[in-house]
Structure formats: C-alpha cells, structure tokens
Amino acid sequence: IESDFIPGGVIFDTDTNQNLGKQKTWGLNLSAQGKFRNVLGGRLSLWAHYDWLDGELTDPLEETSIGVPFASNHKLRTGFKWSRRGLTLSPRLYLFGSGVGPVTDPDDDNFGVKVPAYRLVTVFASWKAAQTPVEVYLRIENAFDERYNNIGQGGSSTFLLSPQDGRWLQFGLRFQYQ
C-alpha cells in the first residue's frame, strides 16, 4: 500500500483492533509492613503484598471464555531493608502465578496457552561512610538467573511468551552534593 503520510513510503502491514466482549474480574489485595529498631544493631523494615485476581474474558464472536488476560492469578512481593552505620541491605522476593494471553480464537495455536509461574529475587546493597558524599552500591536483578516469560500479545507477528532478562549486575558510585 502506498503511503500518503510519507512521500514515496510504503505501508508494509496494517492491523485493526477491536474490543473483545465482556470481562468480569474479582480479587483481593493484602499488605503488611513493619519497622523495628535495634535488630542486629540496625533498623529493619519489612513488607509484604499479596494479590489474588480471578475472572474471565468472554468473546461473543468466538463463543469462548479465557481467564483474565495479561495478569497472574497470584502475586506475592516481599522483602526487607536493613540499615546500620551507612550499610544497607535490601533483598526482595517476587512470586508470580501463571497467566494467560489475550487470544480468544480457538483456532489460534496460542489459544489456552498459559505463561508459567516464576519467582525472582533482587538484592540491593550499599555503603556510605560517615561524613562523605560518596555511596557505593551493588544491585543484582534476577539473582538466581531464573528463565521466565511475561505475557505478550500472542498475535501473528508477536510473542505470547515474551522472554525476559536473566541475571544482571549493576555496580555504581553515587555522589551527593549539598
């Protein structure tokens, strides 16, 4: 198709999108946090969040129903931050349940495909000497090098299982100006 938008340009592919019908969802969110002093000589903050989501997306054209697309049914995020004399340690754990993509066509290869559950651990540590403007830090994302996927579109030109990064490290220096 020749383009009127860009002189001499060619449109390679076009897509159309439409709303799919009705989606009903229900769920629960729980959170807890606490702060404590004098834990191993420092301060400790704990936190946890749990989400539960259920429901269905009904496509009247295909006469099909799937779970809530792009969402895990269960999510748990928890961690803590411990600080003492310029040293900070903050690990986090994320647990995500399985989920489904948005494919409602039963003839599509991605119909009913679930994205597997996964866990992630992130660790952050830093140290700042007293009376100095410099802080040294280390951040480890996906500390156990978990191979996992997020939910993608699952169309003819996109992934349903979208691969995510493995372990990565970030080391840095921070300077604070007054």
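The structure this text deals with has already been given above.
Parameters and conventions
- Residues numbered from 1 in each chain as written.
- Predicted model: local features only at pLDDT ≥ 70, side-chain atom pairs only at ≥ 80, totals over all residues.
- Heavy atoms only, no water.
- Helix = DSSP H or I, 4+ residues; strand = E, 2+ residues; numbered from the N terminus.
- Contact = heavy atoms within 4.5 Å.
- Areas by Shrake-Rupley, 256 points an atom, 1.4 Å probe, with all protein chains shown as cover.
- Core = buried A, V, L, I, M, F, W, Y, C linked by side-chain atoms within 4.5 Å.
- Buried < 20%, exposed > 50% of the residue type's maximum accessible area, 1.4 Å probe, protein only.
- Salt bridge = Lys/Arg side-chain N within 4 Å of Asp/Glu carboxyl O.
- Phe/Tyr/Trp six-rings, centres within 6.5 Å; stacked < 30°, edge-to-face > 60°.
- Polar contact = N/O pair within 3.5 Å; in protein donor to acceptor, adjacent residues only side chain to side chain.

Peer 1: What is the right way to look at the overall build of the protein chain in this model?
Peer 2: When helices and strands are tallied, the protein chain shows zero helices and 12 strands. If you take every contact in the protein chain between residues at least 6 apart in sequence, the share linking residues at least 24 apart comes to 55%. A total of about 12,900 Å² of accessible surface is found on the protein chain, and carbon and sulfur atoms cover 54% of it.

Peer 1: Is there a simple way to explain the nonpolar core in this structure?
Peer 2: What tends to happen in soluble globular proteins is that the nonpolar side chains get buried as a cluster. Judged by nonpolar contacts, Tyr-94, Phe-96, Tyr-118, Leu-120 and Tyr-148 together constitute the single largest core of five residues. For this core, the secondary-structure elements that each account for two or more residues are β5 (87-96) and β8 (118-128). Residues contacting Phe-96, with those up to four places away along its chain left out, are Ser-72, His-74, Lys-75, Ala-117 and Tyr-118.

Peer 1: Is there a simple way to explain the pattern of salt bridges in this structure?
Peer 2: Where charged atoms from two side chains of opposite charge come close, those side chains can pair. Counted under the stated rule, the structure contains five salt bridges. For Arg-77, the salt bridge is made with Asp-51, and the minimal N-O distance between the two is 2.8 Å. Highlighted residues: Arg-77 in strand β4 (residues 74-84) and Asp-51 in strand β2 (residues 42-59), separated in sequence by 26 residues. Residue Arg-77 is classed as partly exposed on the basis of its relative accessible area, which comes to 21%. In this structure Asp-51 comes out as buried when scored by relative accessible area, which is 17%. Between Arg-147 and Asp-145 there is a salt bridge; the shortest N-O distance is 3.4 Å.

Peer 1: Quick question: what am I supposed to make of the packing of aromatic side chains here?
Peer 2: Centre distance and the angle of the planes are the two values used to describe a pair of aromatic rings. Under the defined criterion, the tally for this structure stands at four aromatic pairs. An angle of 25° between the planes, with centres 6.0 Å apart, marks the rings of Phe-124 and Tyr-137 as stacked. Residue Phe-124 is located in strand β8, and its partner Tyr-137 is located in strand β9 (residues 134-141); the two are separated by 13 residues in the primary sequence. Judged by its relative accessible area of 23%, Phe-124 falls in the partly exposed class. Grouped by ring-pair contacts, the aromatic residues Tyr-94, Phe-96, Tyr-118 and Tyr-148 constitute a single cluster.

Peer 1: Would you mind showing me how to read the environment of Phe-124 here?
Peer 2: Here the alpha-carbon distance between Phe-124 and Glu-141, two residues 17 residues apart in the chain, equals 8.6 Å. Ignoring anything within four residues of it in the chain, the contact list for Phe-124 reads Thr-88, Leu-89, Ser-90, Tyr-137, Leu-138, Arg-139 and Arg-174.

Peer 1: Quick question: what am I supposed to make of the side chain of Asp-51 here?
Peer 2: For Asp-51, the side chain forms a polar contact with the side chain of Arg-77, separated by 2.8 Å. Excluding residues that lie within four positions of it along the chain, Asp-51 makes contacts with Leu-28, Asn-29, Asn-73, His-74, Lys-75 and Arg-77.

Peer 1: Looking at this structure, I do not really get the environment of Gln-176. What am I missing?
Peer 2: For Gln-176, the location among the structural elements is in the segment after β12 (168-175). When its relative accessible area of 47% is taken as the criterion, Gln-176 is described as partly exposed. Each C-alpha atom of the pair Gln-176 and Thr-132 lies 8.7 Å from the other, and the pair is 44 residues apart in sequence.

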